[in-house]
Amino acid sequence: MLNKRENIRYSRHISLDNVGIEGQEKLKNAKILVIGAGGLGCPVLQYLTAVGIGNIGIIDFDIVEESNLQRQILFSTIDKGNNKATVAATKLMMQNPFVHFDIYENKLTNKNAIELFENYDLIIDGTDNFSTRYLVNDASIITGKPLVYGAIHKYEGQVSVFNYNNGPSYRCIFPDPPKAGSIPNCSKLGVIGVLPGIIGSFMANEAIKIVLKIGEVLSGKLMIHNILNNHSINMNIKKNMNEIQKVIDRDLEFKEFDYDLFCNQKDSHSINEITIVELKKIFDKNDSNYQLLDVREKWEEPKMNKQSVINIPLNRIDDEYDIIDINKETIVFCQRGIQSLQCIEILERKGYKNLINLKEGMIKW
Amino acid sequence: MKVKLLYYGMISELFGKNEEEIEQSFRNIKELKSMLIDIKPKLKELSFIFAVNNEIVEEFEGIKNGDIIALLPPFAGG
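Residues numbered from 1 in each chain as written. Chains lettered and ligands numbered in written order. Predicted model: local features only at pLDDT ≥ 70, side-chain atom pairs only at ≥ 80, totals over all residues.

**Student:** Could you give me a rundown of the overall build of chain B, with the residues and numbers involved?
**Tutor:** Looking only at helices and strands, chain B features two helices and five strands. Its helices and strands taken in sequence order, chain B reads β-α-β-α-β-β-β from the N to the C terminus. In terms of overall dimensions, chain B is globule-like: its C-alpha atoms have a radius of gyration of 12 Å, near the 12 Å expected for 78 residues. C-alpha atoms of chain B, sized along the principal axes, occupy 35 × 25 × 20 Å. Counting across all 78 residues of chain B, residues that qualify as buried make up 37%. (Helix = DSSP H or I, 4+ residues; strand = E, 2+ residues; numbered from the N terminus. Rg over C-alpha atoms; globule rule 2.2 N^0.38 Å. Buried ≥ 20, exposed ≤ 12 C-beta atoms within 10 Å, placed from the backbone.)

**Student:** Hey, could you go over the confidence of the model for chain B for me, with residue numbers and the actual values?
**Tutor:** In this model, chain B carries an average pLDDT of 94, and 100% of its residues clear a pLDDT of 70 or more. Overall fold confidence for the complex sits at a pTM of 0.85, while the interface term, ipTM, reaches 0.95. (pLDDT = per-residue confidence, 0-100.)

**Student:** Break down the domain arrangement of chain A for me, with residues and values.
**Tutor:** Residues and elements named next belong to chain A. Splitting chain A by domain gives domain 1 (4–266) and domain 2 (271–364). One C-alpha centre belongs to domain 1, the other to domain 2; they are set 33 Å apart. Contacts between the two partners involve seven residues from domain 1 and, on the opposite side, seven residues from domain 2. Counted by class, the side of domain 1 that touches domain 2 contains one nonpolar, three polar and three charged residues. (Domains from an automatic or database assignment. Contact = placed C-beta atoms within 7 Å. Nonpolar A, V, L, I, M, F, W, Y, C, P; charged D, E, K, R; others polar.)

**Student:** Could you give an account of the interface of chain B and chain A, naming the residues involved and the relevant values?
**Tutor:** In this complex, chain B contributes 19 residues to the contact, which on the side of chain A involves 31 residues. Contributions of two or more residues to the side of chain B that touches chain A are made by helix H1 (9–15), strand S3 (49–52), strand S4 (55–57) and strand S5 (68–72) of chain B. Of the residues assigned to the side of chain B that touches chain A, the class counts are twelve nonpolar, five polar and two charged.

**Student:** Could you give an account of the environment of B:Gln24, with specific residues and numbers?
**Tutor:** Residue and element names in this part refer to chain B. As for its placement among the helices and strands, Gln24 is situated in the loop between strand S2 (19–23) and helix H2 (29–39). It is 12 Å that separates the C-alpha atoms of Gln24 and Gly66, two residues lying 42 residues apart in sequence. Look past the residues within four positions of Gln24 in its chain and what remains in contact with it is Met1 and Met35.

**Student:** Pulling in residues and values, what's your account of the nonpolar core?
**Tutor:** All names here are of chain A. Of all hydrophobic cores here, the largest spans 114 residues; its most connected members are Ile32, Leu45, Ile124 and Ala207. Residue contributions to this core peak at ten residues, all from helix H10 (residues 195–212). Setting aside residues up to four positions removed in sequence, Ala207 forms contacts with Ile32, Leu48, Leu122, Ile124 and Val148. (Core = buried A, V, L, I, M, F, W, Y, C linked by C-beta atoms within 7 Å.)

**Student:** Account for unusual backbone geometry, with residues named and values stated.
**Tutor:** All names here are of chain A. Residue Glu301 is joined to Pro302 through a cis peptide bond whose omega torsion reads -10°. As for its position among the elements, Pro302 is in the loop between strand S10 (290–294) and strand S11 (309–311). With a phi close to 60°, Asn230 is a non-glycine residue in the positive phi region. Secondary-structure assignment places Asn230 in the loop between strand S7 (221–226) and strand S8 (232–236). Here Asn230 falls in the exposed class, since 7 other C-beta atoms lie within 10 Å of it. Even without being a glycine, Asn354 presents a positive backbone phi close to 55°. Mapped onto the secondary structure, Asn354 falls in the loop between helix H16 (339–349) and strand S13 (355–358).

Written out as structure tokens, the structure reads:
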């Protein structure tokens, strides 16, 4: 049931022939999971929130960086260093208090995807790498959830809806992942700020149509839109039951399947690690070959007061990273070995190599 | 035989254009692909699929005069 204020808020929907109060209640009862609160995730979330999708899950383990701000329009300069899912939900709650948000600050993996997807009616893929895209596709096949897909490249975007009413899946178009390193993501290629806004709006529109059961859903079609010449084309996709069946047959092994390896991303994403025992040895020897980077907050214990330790809390890394010597081997540590991994990903994007993560963090000290 | 080729994403960057018409005979997509790789050897390193007249097809699909053939790479960005 819509309350009085909701009736006013959504009055422009309610006066539409094929929405009405009944349609607005469908939107209110819908549960949608948005994977990635980045370029595509931001506009998707803003429109899903505005139209009154009642339950929205946001999963993103990344933090807001300065270089995100030209396109990820939910975020402001003061949000730098904070988790994207949390910042997004905070802003969206102000946009529409009648929406419930579930915030997941962790990474989507094959270990948690199935249980997470089970809680939602519809999944939206706004991720930025192939291994997560295949993972999301397979998990939506296994859980039987429709998947709204969008992806961008410089000035072009692709949109489709997979696994909808027994329709085709991502693997029916691209059964094989691309060759290693052949297709970089936005952070390496560049992307014009408005492109994810346009493609994300198409994605939100597909999600709304699916919930309302109106119009023609972009299932069985891959839309490609070029913003430089405004050409848009829909390619028909044939369902490839062999590819879908392979995923269904692998159901039980899903949690063991190595998507990074499958997508040839293993080499570029495997991060060197050391244990606390090895770190202690380096400390004791005062080994000057290494540079130590502590990304914890100043108050976190145990403190490492050696001169050789650089302390930059993760949420300030974007502004202060240039004091880290790019030519030295750098051991990055935090309390539990998770923020340090995030820091390594950020530094790698800035051109740093020779980064080593302290496995399991200082908690083991 | 005359066909129109449409290039997308990194493939349009490689060819330096969004589309072109070519006149040459080949029986199927596979033969077209190897001809394009002869012109642009770098194409071999890229992943892409083909669509003929807006239908995504396999490499054994035949080609006829006047077909519009698109080369579609997957995109990663989000």
